[in-house]
Amino acid sequence: NIILNALKQPENKELQRQVLGLIDIENFSKWEAMAMFLNTRHQDGLHNIRLYQNPASGKIEFIFNDIVPDILKWKINNDQSNTSILSVSYNPLVDYLLLIPEIRAKRNETLNNLVSDNDFTSELWSGYDKLYQQTKRGFYDNPKEIGSNLKYDYTVSQLKKSLELNAIEIKKELNAD
């Protein structure tokens with residue numbers, strides 16, 4: 001298997017070339033950009049990464065599964081000296097793909113387009129607030145659960161704040177390169 005061999009020999013340029021022919025780079029770039037935007041690395045090396053070989057193109061595509069945005073800032077590569085949000089290590093295949101300059105450049109371009117799209121982010125935050133207001137009613141129907149309701153409010157506001165700050169941090173790092 002080309003991908004397994006490539007993971008074992010990350011510096012092998014011939015294997016990198018072959019992997020480029022197997023992966024739908026556009027799809028991967030969107031998948032990874034959205035994972036970064038949502039601050040989710042729950043598609044780690046053990047579970048929650050779904051791959052699909054598209055029969056029309058023959059390319060491997062990435063599918064979102066079990067997305068868990070994190071409110072906390074990521075511990076980068078278990079190494080506090082590397083604080084780049086663009087280099088979070090969470091999955092061996094993703095790490096390998098991002099070592100390939102063409103793939104990393106495409107991911108960064110896609111990510112930059114995503115965080116710089118003011119219409120998208122405005123619509124996203126507006127939709128987030130609308131969904132919160134719609135679902136909040138269900139939580140508040142039970143007056144005996146005021147503690148849970150306050151925790152729900154806090155968690156929702158912290159998650160939104162975290163995502164907004166994450167987008168700002170991504171934008172800063174992309175513009176620093």
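As the structure is a prediction and not an experimental result, all values here were calculated from the model.

## Notes on the packing of helix α3 (residues 25–37) against helix α4 (residues 92–99)
- Where α3 contacts α4, the axes come no closer than 12 Å and their chain directions differ by 115°. By crossing handedness, the relation of α3 to α4 is classed as left-handed. Contact residues: Phe28, Trp31 and Glu32 in α3; Val94, Leu97 and Leu98 in α4.
- Residues belonging to the contact of α3 with α4 are distributed by class as follows: 5 nonpolar, no polar and 1 charged.

## Quick notes on the pairing of strand β1 (residues 50–53)
- The sheet contact formed by β1 and strand β2 (residues 60–63) spans 4 bridges and is antiparallel. Note that in β2 the partner of Arg50 across the bridge is Ile63.
- Between β1 and β2, which pair antiparallel in sequence order, lie 6 residues; one of them, Gly58, sits at a positive phi of approximately 75°.

## Thoughts on α3
- If you check α3, its first and last C-alpha atoms are 18 Å apart, about what 13 residues at 1.5 Å a residue would give, namely 18 Å.
- Every buried residue of α3 is accounted for by Asn27, Phe28, Ser29, Trp31, Glu32, Ala33, Ala35, Met36 and Phe37.
- Where α3 begins, the side chain of Asp24 points an oxygen toward the backbone nitrogen of Glu26, at a separation of 3.2 Å.
- Phi turns positive one or two residues past the end of α3, at Asn39, with a value near 55°.

## Some thoughts on the confidence of the model for the protein chain
- Looking at the protein chain as a whole, the pLDDT averages 84, with 85% of positions reaching at least 70.
- Note on residues 74–80: pLDDT under 50 across the span, and 15 contacts to partners over four residues away in sequence or across chains.

## Focus: α4
- Considered for burial, the residues of α4 that qualify are Leu93, Val94, Tyr96, Leu97 and Leu98.
- Against the buried residues of α4 lie α1 (2–8), α2 (13–22), α3, β1, β2 and α5 (101–116).
- For α4, the side-chain oxygen to backbone nitrogen distance between the N-cap and Leu93 is 2.8 Å, and the N-cap itself is Asn91.

## Some thoughts on the packing of aromatic side chains
- Considering all chains together, one arrives at 8 aromatic pairs under this definition.
- Here a set of aromatic residues connected by ring pairs shows up, and it is made of Phe28, Trp31, Phe62 and Phe64.

## Re the nonpolar core
- If you look at the biggest cluster of nonpolar residues, it comprises 19 residues, and the most contacted ones within it are Val19, Ile23, Phe28, Phe62 and Leu97.
- Of all the secondary structure elements, the ones that give two or more residues to this core are α1, α2, α3, β2 and α4.
- With 14 residues, the next largest nonpolar core counts Phe37, Leu86, Val115 and Ile170 among its residues.

## Some details on the pattern of salt bridges
- In total, this model carries 7 salt bridges according to the counting rule given.
- Lys160 is paired through a salt bridge with Asp129; the nearest N and O atoms lie 2.9 Å apart. Of this pair, Lys160 sits in helix α7 (residues 146–176) while Asp129 is found in helix α6 (residues 118–140), placing the two residues 31 residues apart along the sequence.
- A relative accessible area of 15% places Lys160 in the buried class.

Reading the values: rules and limits
Residues numbered from 1 in each chain as written. Predicted model: local features only at pLDDT ≥ 70, side-chain atom pairs only at ≥ 80, totals over all residues. Heavy atoms only, no water. Axes fitted to C-alpha atoms, helices over the stretch in contact; angles between N-to-C directions. Helix = DSSP H or I, 4+ residues; strand = E, 2+ residues; numbered from the N terminus. Left-handed = near helix turned anticlockwise from the far one by under 90°. Contact = heavy atoms within 4.5 Å. Nonpolar A, V, L, I, M, F, W, Y, C, P; charged D, E, K, R; others polar. Pairing = 2+ DSSP bridges. Expected span 1.5 Å × (residues − 1). Buried < 20%, exposed > 50% of the residue type's maximum accessible area, 1.4 Å probe, protein only. Polar contact = N/O pair within 3.5 Å; in protein donor to acceptor, adjacent residues only side chain to side chain. pLDDT = per-residue confidence, 0-100. Phe/Tyr/Trp six-rings, centres within 6.5 Å; stacked < 30°, edge-to-face > 60°. Core = buried A, V, L, I, M, F, W, Y, C linked by side-chain atoms within 4.5 Å. Salt bridge = Lys/Arg side-chain N within 4 Å of Asp/Glu carboxyl O.

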